[in-house]
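# Observations on the three-dimensional arrangement
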Amino acid sequence: MLENYFPVLLFILVGLAVGVLPMVMGWVLAPSRPDSEKLSPYECGFEAFEDARMKFDVRYYLVAILFILFDLEIAFLFPWAVVLEEIGTFGFVAMVLFLAILVVGFVYEWMKGALDWE
Amino acid sequence: MNLDYFAELLGPAWLPVWTLAKIVAIVAPLLLGVAYLTYAERRIIGYMQVRLGCNRVGPWGLLQPIADGLKLMFKEIIIPSGASKGLYLLAPVLAMAPALAAWAVIPFTDTLVLADVDAGLLLVMAITSMGVYGVVLAGWASNSKYAFLGSMRSAAQIVSYEIAMGFALVGVLMSAQSLNLSDIVQAQSGGIHQWYWLPLFPLFLVYLIAGVAELNRAPFDVAEGESEIVAGFHVDYSGMAFAMFFLAEYANMILVATLTSTMFLGGWLSPIPGLPDGFFWLALKVSFILFLFLWFRATFPRYRYDQIMRLGWKVFIPVTLVWLLVVAAMLQTPWAYLFH
C-alpha cells in the first residue's frame, strides 16, 4: 500500500533537483560582478527608499483566512463525494445541512463587504 | 528479458533505479515540451497579431528556446543586497518542484502511469497548492516593493481560485466515485458525450477559467502586469533563478491542461467508441487546451484586480456550490445515470 507512494516521493526529489541543478549551473557558469547599484532593489526611475516590508492591506489577510475555511470545506467534501452513492439520501441531507451553515457564513461575509475590493 | 538481469545485478537498489529511469522518461519530454511551449506561444501569438514571431534561430526559429536557455544560463544571478539570501534562492526551487512532482500520478494510458495511487487527486491538489509558497517567498525575500505587492496579489488570487477549482473537482468525484485518476478516466468511457465536460458543463467552465487564473496567465495576469508592477514577484530575479520561475509557469500550464483533459475530457479515451484509445488522444486534448491558453492571452484585455477577486469569490464559488447541490440531488433520483 505505502510502497505505491514511493515513486511520488522520488518524483518530489527529482523535482527539487531539477530546480536546484540549473541554478547551480548558472551560479558556476555565469559571471558574478556585483556592485551596489546592481544589488539595489528594483525601483522605477529613482533611488530605492524605505524598507519594502511595509504595512499591507488587511484584505489579503482576510482572503487567506477565508481560503483556509473553504479549503477545509473542500477537504471534507472530497471523501463525502466519493462515497455519496453508498451513504445515499442520509449522507446527502447531512451535507446539505453542513453546506447550509457554510452558506450562512458566506452570505454574512459577503454582506459585511469582506469580499469587496475597490 | 535483459531487465531481469539488471534487476538481479542491482538487488534491492533495483527498484529506486528503475523508478528513477521512469521518472526521467516523464520529466525529460516534459521539459522539452515546456521549452517548445514557449516557442509555440511566441509563434502562435505572433501570427494572431499578424507578425512572424521568432523565426531567426535555426529553421523556422526552432532553436530559439535552446538559445534562450543558453543565454539565461550565462547571465549573472543577482541577489539584491536587502534580500534574505537563503529564502531568495529557495523560492525558485519551491516553484519548480511541485510543477513537476504532480506528474507522478497522472495516467498517460490505461496501463502507463508511474504511481497508480488511490488518493491520486488528493495528492495532485496537495502538491499543486505548494506552488504558492514559491510565489510568496520570492516576493518576501526580494525585499522590493514591486515584488512584494506582486506576490501578495498573486498569492491572494491563487488561493481564491483554488477554492473554485476544488469545488469543481468535487463534482467530478461525485460522478466518478473515486480519487484514483485512472478510475476517473475509465468512468468517462463510452464516447465524447460521456466525458464529464457535458454533464458537469458549468463545473468544466469554472475549472478551465480558474485554471487560467491559477496560472496567473492573461487575462488574469495582474501579478506581473507589465504596465503597473513590471513583473511582480520575480522582478528582482535574473539568470537561471528567473528561468526557474519561467519554466515553472509553463510546466504548470501543461499540468493544468493535462488535469483538465483527465477530469473533464476523458484523458486517453477516444471521442468515438470505435476508435482505439491511446496517448495520442491525451496529447491532442492537452494541446487543444494549451492552444486555448495562448489564444486567451492574444484575445482578452487584462482584468482589474477587484474584478478578478469578484469573479472568483462572488461568481465562481456560488455557481459551483449550487451546481454541486444540483448534481448531488440528481444522484439521489432515477436520473443518476446521466452523471455516470
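Right, let's walk through the structure included here.

Cut-offs applied
For every chain, the first residue of its written sequence is number 1, and the numbers climb from 1 along that sequence. To read the labels, note that chains go from A and ligands from 1, taken in the order they are written. Only residues with pLDDT of 70 or above have their local features reported here, since the model is predicted, and side-chain atom pairs are shown and tallied only from 80 upward, although totals for entire chains, interfaces and linings are computed over all residues. Only hydrogens and water are set aside; all other atoms, that is, all heavy atoms of the structure, feed into the side-chain values. In DSSP terms, a helix is any run of H or I states spanning at least four residues, a strand is any run of E spanning at least two, and both are numbered starting from the N terminus. Radius of gyration here uses only the C-alpha atoms, and the compact-globule reference equals 2.2 Å multiplied by the residue count raised to the power 0.38. Relative accessibility decides the category of a residue: with a 1.4 Å probe and only protein chains considered, values under 20% of the type maximum give buried, values over 50% give exposed, and everything between is partly exposed. Note on areas: Shrake-Rupley, 1.4 Å probe, and residue coverage restricted to the protein chains presented here. Only four residue types enter the charge count, namely Lys and Arg as positive and Asp and Glu as negative; His and the chain termini do not. In this description, the location of a charge corresponds to atom NZ of lysine, CZ of arginine, CG of aspartate or CD of glutamate. Note on contacts: a residue pair qualifies if any of its non-hydrogen atoms lie within 4.5 Å across the two residues. Buried surface area refers to the total accessible area, computed with a probe of radius 1.4 Å, that the two partners give up upon joining, counted for both partners together. The salt bridge criterion pairs a side-chain nitrogen of Lys or Arg with a carboxyl oxygen of Asp or Glu, the two atoms within 4 Å. Polar contact is defined as a pair of N or O atoms within 3.5 Å, subject to the rule that within protein one atom must be able to donate a hydrogen and the other to accept it, and that residues adjacent in sequence are counted only when both atoms are side-chain atoms. Each helix should span, by expectation, one fewer than its residue count multiplied by 1.5 Å. Stacked, tilted and edge-to-face are the three classes assigned to paired rings of Phe, Tyr and Trp, where Trp is represented by its six-membered ring and a pair needs centres within 6.5 Å; plane angles under 30 degrees give stacked, over 60 edge-to-face, the rest tilted. Within this analysis, patches are made of residues with over 30% relative accessible area and no salt bridge. Like charges are joined at 9 Å or less; nonpolar side chains (Val, Leu, Ile, Met, Phe, Trp, Tyr) at 5 Å or less. As used here, the term nonpolar core means buried Ala, Val, Leu, Ile, Met, Phe, Trp, Tyr and Cys residues forming a set that is joined through side-chain atoms within 4.5 Å.

### Re the overall build of chain A
Tallying secondary structure elements over chain A gives three helices and zero strands in all. Listed by position from the N terminus, the elements making up chain A come as α-α-α. A compact globule built from 118 residues should have a C-alpha radius of gyration of about 13 Å, whereas chain A, at 25 Å, is more than 25% larger. Buried positions account for 34% of the 118 residues belonging to chain A. If you sum the accessible surface of chain A, you get close to 7600 Å²; carbon and sulfur atoms cover 72% of it. If the 6 positive side-chain charges of chain A are averaged to one point and the 15 negative ones to another, these points end up 12 Å apart.

### Quick word on the overall build of chain B
The helix and strand inventory of chain B stands at 13 helices and zero strands. Taken from the N to the C terminus, the helices and strands of chain B come in the order α-α-α-α-α-α-α-α-α-α-α-α-α. Scaling as 2.2 N^0.38, a compact globule of 340 residues should have a C-alpha radius of gyration of about 20 Å, and chain B matches this with 21 Å. Referenced to the eigenvectors of the C-alpha coordinate spread, the extents of chain B come out at roughly 65 × 60 × 40 Å. Residues classed as buried in chain B amount to 58% of the 340 residues present. For chain B, contacts bridging at least 24 residues in sequence account for 75% of all contacts bridging at least 6. A total of about 13600 Å² of accessible surface is found on chain B, and carbon and sulfur atoms cover 70% of it. Side chains of chain B carry 17 positive and 19 negative charges; the gap between the two charge centres is 14 Å.

### Concerning the interface of chain A and chain B
Residue-level contacts link 67 residues of chain A with 82 residues of chain B. Area buried by chain A at its contact with chain B is led by A:Phe11, A:Arg53 and A:Phe78, which between them contribute 12% of it. As a salt-bridge pair, A:Asp116 and B:Lys314 come within 2.4 Å of each other at their nearest N and O atoms. Between the two partners, chain A and chain B, sit three residue pairs in polar contact (both at pLDDT 80 or more). Elements that contribute at least two residues to the side of chain A that touches chain B include exactly α1 (6–29), α2 (58–82) and α3 (84–111) of chain A. Broken down by element, the residue count for the side of chain A that touches chain B peaks at 18 residues, all from α1(A).

### Some details on helix α9 (residues 201–214) of chain B
All names here are of chain B. When the terminal C-alpha atoms of α9 are compared, their 20 Å separation across 14 residues agrees well with the 20 Å that a helix rising 1.5 Å per residue should span. Counted residue by residue, α9 has 10 buried out of 14 residues, so it is predominantly covered. The set of residues buried in α9 consists of Leu203, Phe204, Val206, Tyr207, Leu208, Ala210, Gly211, Val212, Ala213 and Glu214. Turning to α9, the residues buried within the fold contact α7 (145–176), α11 (239–264), α12 (279–299) and α13 (305–330). The positive-phi residue at the C-terminal boundary of α9 is Asn216, with phi of around 55°.

### A look at the pattern of salt bridges
Residues and elements named next belong to chain B. For the structure shown, the criterion picks out seven salt bridges over all chains. Across the salt bridge formed by Glu41 and Arg217, the nearest N and O atoms sit 2.7 Å from each other. Here Glu41 is found in helix α2 (residues 14–48), whereas its partner Arg217 is found in the loop between α9 and α10 (226–229), with 176 residues between them in sequence. Taking the relative accessible area as the measure of exposure, Arg217 reaches 3% and is therefore buried. One connected set of salt bridges, linked through shared partners, spans Glu41, Arg217, Glu249 and Arg297.

### Points about the side chain of B:Gln64
All names here are of chain B. Turning to its location among the elements, Gln64 is positioned in helix α3 (residues 64–73). On the accessibility criterion, Gln64 (12% relative accessible area) is buried. When neighbours within four sequence positions are excluded, Gln64 is seen to be in contact with Tyr39, Arg42, Cys54 and Val57.

### A look at the packing of aromatic side chains
Residue and element names in this part refer to chain B. Here the structure, examined in full by the defined rule, presents 24 aromatic pairs over all chains. On the numbers, 5.6 Å between centres and 10° between planes, the contact of Trp14 with Trp18 is stacked. Separated by four residues within a single helix, Trp14 and Trp18 lie in helix α2, roughly one turn from each other. Relative accessible area serves as the criterion here: at 33%, Trp18 is assigned to the partly exposed category.

### Considerations on a nonpolar patch on the surface
A contiguous nonpolar patch, built from A:Val20, A:Val24, A:Met25, A:Trp27, A:Val28, A:Leu29, B:Leu63, B:Ile66, B:Leu70 and B:Phe74 and spanning about 930 Å² of accessible area, is present on the exposed surface. Of all the secondary-structure elements, those providing two or more residues to the nonpolar patch are α1 of chain A together with α3 of chain B. By the secondary structure assignment, B:Phe74 is in the loop between α3 and α4 (85–101). Judged by relative accessible area, B:Phe74 falls into the partly exposed class, the value being 44%.

### Side note on the side chain of B:Gln157
If you trace the backbone, B:Gln157 turns up in helix α7. If we skip the residues at most four places from it in the chain, B:Gln157 touches B:Ala213, B:Asn216, B:Phe220, B:Val222, B:Tyr305, B:Ile308 and B:Met309.

### Looking at the nonpolar core
Here is a general trend for soluble globular proteins: nonpolar side chains tend to be buried in one another's company. Counting residues in each nonpolar core, the largest one holds 142 residues, and the members touching the most others are B:Phe293 and B:Trp313. Looking at this core, the element that brings in the most residues is α7(B), giving 18 residues. The contacts of B:Trp313, once residues within four sequence positions are left out, are A:Val63, A:Leu66, A:Phe67, A:Phe70, A:Phe106, A:Glu109, A:Leu115, B:Ser160, B:Ile163 and B:Pro318.

### Quick notes on α2(B)
Compared with the 51 Å implied by 1.5 Å per residue over 35 residues, the 50 Å span of α2(B) between its first and last C-alpha is a close match. Looking one or two residues past α2(B), B:Val50 carries a phi angle of roughly 55°, positive in sign.

### Quick word on the environment of B:Arg217
Residues and elements named next belong to chain B. Along the backbone, Arg217 and Leu294 are 77 residues apart, and their C-alpha atoms lie at a distance of 9.1 Å. The residues touching Arg217, leaving out its near neighbours within four places in the chain, are Glu41, Val212, Glu249, Tyr250, Met253, Phe293, Leu294 and Arg297. There is a polar contact of 2.7 Å between the side chain of Arg217 and the side chain of Glu41.

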